[in-house]
Amino acid sequence: MESSEVNMSRDSSELDESARGSSSPDLALERVLSLLKSHRDRSSVSLVCKDWYNAERWSRTHVFIGNCYSVSPEIVARRFPKIRSVTLKGKPRFSDFNLVPQNWGADIHPWLVVFAAKYPFLEELRLKRMTISDESLEFLAVSFPNFKALSLLSCDGFSTDGLAIIATHCKNLTELDIQENGIDDKGGSWLSCFPESFTSLEALNFANLTSDINFDALERLVGRCKSMRVLKVNRSISLEQLQRLLVNALQLAELGTGSFSQELTFRQYEELESTLSSSKNIHTLSGLWEAKGLHLPALYPVCTHLTFLSLSYAPLQSGELAKLLAHCPQLRRLWVLDTVEDEGLEAVGSSCPLLEELRVFPADPFDEDIIHGVTEAGFVAVSYGCPRLHYVLYFCRQMTNAAVATIVQNCPDFTHFRLCIMDPGQPDYLTNEPMDEAFGAVVKTCTKLQRLSVSGLLTDLTFEYIGRYAKNLETLSVAFAGSSDWGMQCVLTGCPKLRKLEIRDCPFGNAALLSGLDKYESMRSLWMSACHVTMDGCRQLAREMPRLNVEVMKEDGSDDSEADKVYVYRSIAGPRRDAPPFVLTL
Amino acid sequence: MEGGLVLLGGGGGGGSGSGGGSSGVSTNESAVSKVEVVSEASSYPAESELELGLGLSLGGSGGATGKTKVGTSSWGECGRILTAKDFPSVVSHRANNGGPSVSVSGTKRAAESVSHEGGSPTGVSQVVGWPPIRAYRMNSLVNQAKAPRAEDDGIGEKDKAKDSFKKKPYNGNKINSAVNEKGHLGFVKVNMDGIPIGRKVDLNAHSCYESLAQALEDMFLRSAPTINSIGAEKEQVTKPSKLLDGSSEFVLTYEDKEGDWMLVGDVPWRMFLSSVRRLRIMRTSEANGLAPRFHDRNERQRSKPI
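Nothing here was measured: the structure is a model prediction, and the numbers come from that model.

The next subject is the nonpolar core. The nonpolar side chains of a soluble globular protein tend to be buried, and buried together. Ranked by size, the top nonpolar core spans 181 residues in total, and within it A:W190, A:L204, A:F414, A:F417, A:L452 and A:I466 carry the most contacts. The contact partners of A:F414, leaving out residues within four places of it in the chain, are A:F379, A:L389, A:H390, A:Y391, A:V392, A:I407, A:V408, A:C446, A:K448 and A:L449. Counting residues in each nonpolar core, the second largest holds 26 residues, with B:A213, B:L216, B:F220 and B:L273 among its members.

Here it is in structure tokens:
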């Protein structure tokens, strides 16, 4: 994917639609290439020669754009004439944590306007961290008669009114996936907008909306959409209602249960159990927002073939989790809240030997009095029981170097290691030393590591280790760490595959920033906030690297010379034309 | 230094003392909750009780703390949650230094309080965007703590009307873990009339009403038992809580899962645990509609539907 972005820059001068070959070898090549799905493969293909480049661009139907400002919709449309599916990512990731002010940008509308002209047969749009208004949703609904799939994650700017318009107008809709967004939830009537004649829906996810919806409308909708395989309802759906939905949708593969809580009569409970037993296709289960141990046994039949269980909004206790997991031998992915504590994680280790991914979220991240949550012991327990673990996101309040060393020894195949010790700058709680050796062990042992998030008290040594050993590292997140410019320099000069680097509250300054001059064009982006970078440093970077966009956001009350938030990214579209006043492009 | 609301040394009641105390407060946040008690114990005269006020000295009633003048009769009522009128001298005295000292300490206390909105003293929640949890998730954690369940108003209601008897016999797990309606580890918010900043109490840590009431009195009345020992009778753990028996200015009430405010103590402890959403220490005068005095309690119990 990254190389495809680079690709765009190299041949922006070669764009010539009419260069398409018409001889049969090219058509045959196109046929073959149309089977290629991976972006990286396609990028490689397009670099072979001009013919292959053309064949590839005519056969591509899905384009992935990791940074919406790296390229313009016009350039995309010129190069790829046959796109049916677009995935776009907008704001820097730290915007999820309120580090990016409102109205920063990443508005989808200009893209939609171009797409309406060039891709009238567009079918799918998947957005992450973009701004989309209700007007844009309306434009989408009326401009693309074949529109099938809309997925919004971490987006903002729209309301349930926009969803109503989609439901009303998109006659061929197969997927409506509304995940964790900053949506203005004005009510649940949008769901009633699907016409009675509408039967094509295959995936519906409104789990993160809060308003009540009309249950009858939902029941009828689910009943008539016989191809539905994904249904994730919100909290307003009760257990009894869930049963009524399921009984007409036994073909479901992914289920989000809603609150999973209610006072049930014995008969109702039996009915629920029976329906769940018949739901033999469910491999992904989520929701369970208020699940009580009482009702969890009804899920046991489903648990048998479950591969992904998300309890990240369900505050279960250790015992409840243990009982549930005893029935989930096939589990590959598990998301939980830290209410399950170390004991719950021990159960993970003993019940789920095939586990590949674990995410432990904090139930109460700010509550200092809470001495619950998970510790290093839980993580270690999982590592003993789950040798195939390769993806972890772990929020905890204490950790030791020794524990992490043990963990990676047990699980050397980590590709994603995201450890968040919640108190910034906290050392190994037993030895009081920095956590350098922990992350050193990670990068030395886990040679396949692609993504790393570090935390705790860290000196430059951590970054020396990273630069020296993390040869496959693509994404690095750093906060409250490091001792000097040297740390960041190690990473920039050492990690050949680095694509995304995000740093906050670290003592890295201009020297560090400028040491990456040769690197940034091969990366998607760099974010640095609350570091020691100055405006002069940023200006120098901008001067020396004209193909980079160097953007600075200043905070009220900060010194004129400080560059509070710096966002640097490569682009073939030049500087942003839609930057708000608080974003300075240097 | 005197007065100290802060371990700043603590201290008695001089105007300057308090002033100094309050400034100290803002810088010593993290130290407060833990160290406070210790320094108090080591310091002095009963006037220092001002500090206790520290904890609760915010706004409103000017501090519903337990002590006032030196070793006065207030000690005799150590089980009682007192109001401003218990220590006029303190109030006015503070008023001199100001609103500022009160509000500053209030702020500090806010930092100490376990409220999720507040800042915690040690830094986790004082940092923007840390820990790195998506804003959506953050909001739903907050809402999990306060929003009424849809089922409570809607479906839940109609099911309650039916003769619902508990489904399969559940294992004992639930019984010991006071997982309340929020399923949130047994911590519920507690607010006291006149005090803007709330606290949280872990229901899991208690097995009966007396213990809970005692804990609340400790929390809102004084920072630690040691204080009590200074020149006054020690707080008896065995003494029945004034909050529960109706002899105090305040009563303990709770909001149940249907959103009604009820007097604490009427139903069996476990049933209380399963229905309590949050607590409020209410002025008796305001609680007339729902919290009759002790002698009425039996009557009330009979008439109240369980």
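Now that the structure has been shown, the text picks up again.
Between two packed helices, the angle of one axis relative to the other and the distance separating the axes together describe the packing. All names here are of chain A. One can describe the packing of helix α9 (residues 215-224) onto helix α10 (residues 239-246) by two numbers: an axis separation of 9 Å at closest approach and a directional angle of 25°. Taken together, α9 and α10 sit at an angle that is classed as roughly parallel. Crossing geometry of α9 relative to α10 is assigned as right-handed. Every residue of α10 that contacts α9 at F215, D216, L218, E219 and V222 is listed here: Q241, R244 and L245.

This part takes up empty space enclosed by the protein. Under the criterion given, the structure shown has eight cavities of 30 Å³ or more. Empty space within the largest cavity amounts to approximately 180 Å³. Lining the largest cavity are 18 residues, and of these A:R93, A:S453, A:S477, B:W130 and B:P132 lie nearest its centre. Of all the elements in the fold, those that place two or more residues in the lining of the largest cavity are β15 (391-396), β16 (416-421) and β18 (475-479) of chain A.

All names here are of chain A. In terms of residue burial, strand β22 (residues 565-570) counts as a mostly covered element, since six of its six residues are buried. Bridge count between strand β20 (residues 525-529) and β22: five bridges; the pairing is antiparallel. By the bridge assignment for β22, S525 is matched with Y569. Pairing between strand β21 (residues 548-553) and β22: six bridges, direction antiparallel.

Parameters and conventions
Residues numbered from 1 in each chain as written. Chains lettered and ligands numbered in written order. Predicted model: local features only at pLDDT ≥ 70, side-chain atom pairs only at ≥ 80, totals over all residues. Heavy atoms only, no water. Core = buried A, V, L, I, M, F, W, Y, C linked by side-chain atoms within 4.5 Å. Buried < 20%, exposed > 50% of the residue type's maximum accessible area, 1.4 Å probe, protein only. Contact = heavy atoms within 4.5 Å. Axes fitted to C-alpha atoms, helices over the stretch in contact; angles between N-to-C directions. Helix = DSSP H or I, 4+ residues; strand = E, 2+ residues; numbered from the N terminus. Parallel < 35°, antiparallel > 145°, perpendicular 65-115°, else oblique. Left-handed = near helix turned anticlockwise from the far one by under 90°. 1 Å grid on protein atoms, 1.4 Å probe; cavity = no way out; pocket = protein on both sides within 12 Å on 5 of 7 lines; lining within 4 Å. Points joined across faces, edges and corners; volume = space filled by probe spheres on them. Pairing = 2+ DSSP bridges.

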